[in-house]
Amino acid sequence: MEDRRQHQRYRLEESCILNYSSSVGTIIDICMGGLSCMCLENNKCEQKSADREVDIFCKENKLFAQGLPITVLGTSVVPGEYVIDVKIRKCRAKFENLEEDQKVQVEEIILSHGVN
């Protein structure tokens, strides 16, 4: 299968928290075009959805990106159950129409925490 990615993806050397809708999760990888994350299975990202916003917080360097508009491209439940029927959902999302200051915030997270 041909790789259609337009941006290089970076794993994060530090856990960065993603606040999405009424749930939180951790970022698996991020690029200037979007991100993938893992969150509680009850998160409202089960279906492809219209634009929503996420906040990203990385504790070590106190980096914070707020109100990043995204579109969820797809989700899947990670096999296995963890604690009393709680499952984990993996989500893929792309950033939509980031403002210049939001692009700078994402770039700072990549430069500060990104690992090839």
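The following refers to the structure shown. None of these values were measured; they are calculated from a predicted model. (Residues numbered from 1 in each chain as written. Predicted model: local features only at pLDDT ≥ 70, side-chain atom pairs only at ≥ 80, totals over all residues. Heavy atoms only, no water.)

### Description of the nonpolar core
Spelled out, the test is: Nonpolar core, defined: a set of buried Ala, Val, Leu, Ile, Met, Phe, Trp, Tyr and Cys residues in which side-chain atoms within 4.5 Å join the residues together. Classification of residues uses two cut-offs on accessible area relative to the type maximum, computed with a 1.4 Å probe and protein chains only: under 20% is buried, over 50% is exposed, and between them is partly exposed. Note on conventions: DSSP H or I runs of at least 4 residues are helices, E runs of at least 2 residues are strands, and numbering of each starts at the N terminus. Residues count as neighbours in contact if any of their non-hydrogen atoms are within 4.5 Å of one another.
Of all hydrophobic cores here, the largest spans 25 residues; its most connected members are Leu18, Ile30, Ile56, Leu68 and Phe95. Considering each element in turn, this core owes the most residues, 5 residues, to strand S6 (residues 63-77). Discounting chain neighbours no more than four positions away, the residues touching Ile30 are Gln8, Arg9, Tyr10, Leu12, Leu35, Ile56, Phe95, Val106 and Ile110.

### Structural notes on the state of the cysteines
Heads up, the condition is: Here, a disulfide means two cysteine sulfur atoms that sit within 2.5 Å of each other.
The full count for this structure, using the stated rule, is 1 disulfide. Between the sulfur atoms of Cys16 and its disulfide partner Cys58 the distance amounts to 2.0 Å. As the torsion about the S-S bond is roughly 110 degrees, the Cys16-Cys58 disulfide counts as right-handed. You can see Cys16 sitting in the loop between strand S1 (10-12) and strand S2 (17-20) and its partner Cys58 sitting in strand S5 (residues 52-58), a full 42 residues away along the chain. Each member of the pair, Cys16 as well as Cys58, is classed as buried.

### Details of the pattern of salt bridges
The criterion, for reference: Any carboxyl oxygen of Asp or Glu within 4 Å of a side-chain nitrogen of Lys or Arg constitutes a salt bridge here.
Counted under the stated rule, the structure contains 2 salt bridges. As a salt-bridge pair, Arg9 and Asp29 come within 2.9 Å of each other at their nearest N and O atoms. One end of the pair, Arg9, is in the segment before S1; the other, Asp29, is in strand S3 (residues 23-31), and 20 residues separate them in sequence. Under the relative-accessibility criterion, Arg9 is labelled partly exposed at 27%. Its salt-bridge partner being Lys94, residue Glu96 comes within 3.3 Å of it at the nearest N-O pair.

### Describing empty space enclosed by the protein
The line we're drawing: Buried and open spaces are told apart on a 1 Å grid over the protein atoms alone, a cavity being a set of points where a 1.4 Å probe fits but cannot get out and a pocket being an open set with protein on both sides within 12 Å along at least five of seven lines. Residues with an atom within 4 Å of a point are the lining residues. Grid points are joined across faces, edges and corners, and a volume is the space filled by probe spheres set on the points. Three classes are used, and their members are as follows: Ala, Val, Leu, Ile, Met, Phe, Trp, Tyr, Cys and Pro are nonpolar, Asp, Glu, Lys and Arg are charged, and the others, Gly among them, are polar.
For the structure shown, the criterion picks out 1 cavity of 30 Å³ or more. If you add up the space inside the largest cavity, you get close to 40 Å³. In this structure, the largest cavity is lined by 10 residues; those nearest its centre are Tyr20, Cys37, Ile70, Cys91 and Ala93. The set of elements that each furnish at least two residues to the lining of the largest cavity consists of S2, strand S4 (34-40), S6 and strand S7 (88-95). Along the lines of polarity and charge, the residues of the lining of the largest cavity split into 10 nonpolar, no polar and no charged.

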